[in-house]
Amino acid sequence: MTLTTTTPATSVAQAFFCLLLCIPWGSSCPPSCQCTEQAGAKAVLCSSQHLEEIPKDIPRDAVFLKLDANSITRIPSNAFRHLSHLEEIDLSRNAIEKIDRAAFKGLAAGLRTLDLSSNRIRSIPKEALLALKAKLRLANNPWHCECALQEVLWEARLDPDSVQDITCHTAPRQEYVGKPLLQVLDAGVNFCSVRQRTMDVAMFVTMFGWFAMVIVYVICYVRHNREAACKHGDYLKSLPSTQAHAETTSTAL
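Bear in mind that the values here come from a model prediction, so they are computed numbers and not experimental data.

Procedures and definitions
- Residues numbered from 1 in each chain as written.
- Predicted model: local features only at pLDDT ≥ 70, side-chain atom pairs only at ≥ 80, totals over all residues.
- Heavy atoms only, no water.
- Pairing = 2+ DSSP bridges.
- Helix = DSSP H or I, 4+ residues; strand = E, 2+ residues; numbered from the N terminus.
- Phe/Tyr/Trp six-rings, centres within 6.5 Å; stacked < 30°, edge-to-face > 60°.
- Buried < 20%, exposed > 50% of the residue type's maximum accessible area, 1.4 Å probe, protein only.
- Axes fitted to C-alpha atoms, helices over the stretch in contact; angles between N-to-C directions.
- Disulfide = S-S within 2.5 Å.
- Core = buried A, V, L, I, M, F, W, Y, C linked by side-chain atoms within 4.5 Å.
- Contact = heavy atoms within 4.5 Å.

**A short note on the pairing of strand S1 (residues 34-38)**
Consideration 1: Taken together, the 5 bridges between S1 and strand S2 (residues 41-45) define a ladder with antiparallel strand orientation. The residue bridging Glu37 from the neighbouring strand is Lys42, located in S2.
Consideration 2: Hairpin connection from S1 to S2: 2 residues lie between these consecutive antiparallel strands, with Ala39 at a positive phi of about 55°.

Printed below as a string of C-alpha cells:
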C-alpha cells in the first residue's frame, strides 16, 4: 500500500485551482453596487451611489440594471454593448444631458423597459432610440420640441402612463412652451414641416443670391464689351482722315 504525502505547497495549489473553478468569471459586481438574484435573474443595483458615469464592469449576465438617482451626465456609445441579457434599465433621476447615437448599440430585442425620466435631456438622436423595442419613459426632461422629438414620439414605443409628462421646455414658438408635446401635436402642429419650410426658404435665398450674381456678371460683361466696341469704332473712324492727310502731304511735296 502506497501512501501519498501532501506537502503544504501542493495543498495551496489545489486550493487555488479549486478557487479558479468556483469563481463565476464575468459575474463580478461593480464597486458601490449590489448584485442579487430576482426570480432567478441577476439584478445589479447601483441606485443612489453618486456615480458620475456608467460602470464598465457590469456582469454580462445582468438582466435588471438600476442606475437611478446618481449623477450620470452622459450615455456614451456602446455603454451596454456586452450586456445582451438586459431586460430593464433604469437611468431615471440622473443629470443626463447627452446621449450618443450608438449609446444603446448591442442591446438585444429582449430589452423591455428603458427609463430616462427626470434627467436634463433637451434633445436626443432618434437613431439612439428607434432601433429599440423597449418601452421608453422620457417624462420630466427639459425637452426642446423639434422634429427629432416628434419622430421619436410617433415611431418609438413610449410608456403610455408617462407620455403626457413629455413637456416642451423650449420650442420654435413661445406659445408651445410649457405644454405637453402630445397636446401640441394633437392641435395640428408639425415641427418637421416647419423645418422643411425653413430649409426651402434657405435654399430659395441661396438660389436667388446666385441668380443675382449671374445677372450682375452678364450686365458687367455686356457693358464692358459695348465700351470696347465703341472705342474700336472710334479708332476705325479716325483711319480715313489720317490717310487723306497723308496723301495731301505727299502731293504738296
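Now, onward.
**Here we look at the packing of aromatic side chains**
Consideration 1: Overall, the coordinates contain 2 aromatic pairs when judged by the stated rule.
Consideration 2: Taking 6.0 Å as the distance between ring centres and 5° as the angle between the ring planes, the aromatic pair formed by Phe80 and Phe104 counts as stacked. Remark: Phe104 occurs in the loop between strand S6 (98-99) and strand S7 (113-115) and Phe80 occurs in the loop between strand S4 (74-75) and strand S5 (88-90); sequence separation between them is 24 residues.
Consideration 3: You can call Phe80 buried: its relative accessible area is 0%.
Consideration 4: Residue class for Phe104 comes out buried when judged on its relative accessible area of 4%.

**Let's talk about the sheet that holds S2**
Consideration 1: Taken in spatial order, the 6 strands make up an open sheet running S1-S2-S3-S5-S7-S8, and their pairing is mixed. Edge positions in the sheet fall to S1 and strand S8 (135-137), since each of these pairs with one other strand and no more. Adjacent strand axes in the sheet meet at a mean angle of 15°, parallel and antiparallel pairs treated alike.
Consideration 2: When S2 meets strand S3 (residues 62-66), the two strands line up parallel, connected through 4 bridges. Following the sheet pairing, Lys42 is matched in S3 by Ala62.

**Looking at the state of the cysteines**
Consideration 1: Following the criterion strictly, the structure yields 4 disulfides and no others.
Consideration 2: Across a sulfur-sulfur distance of 2.0 Å, Cys33 and Cys46 are joined as a disulfide pair. On the S-S bond that ties Cys33 to Cys46, the torsion sits near 115°, and the link is right-handed. Linking Cys33 in the loop between helix H1 (8-22) and S1 with Cys46 in the loop between S2 and S3, this pair joins segments that are 13 residues apart in sequence.
Consideration 3: Each bonded cysteine in the protein chain gets a number by its place in the sequence, and the pairs come out as 1-3, 2-4, 5-7, 6-8.

**Quick look at the side chain of Thr113**
Consideration 1: Locating Thr113 in the fold gives a position in strand S7.
Consideration 2: Take Thr113: its relative accessible area is 14%, and that puts it in the buried class.

**A few points about the nonpolar core**
Consideration 1: By size, the foremost hydrophobic cluster in this structure holds 49 residues, and its most contacted members are Ile75, Phe80, Leu91, Ile99, Phe104, Leu116 and Leu129.
Consideration 2: Setting aside residues no more than four positions away along its own chain, Ile99 makes contact with Ile75, Phe104, Leu116, Ile121, Ile124, Pro125 and Ala128.

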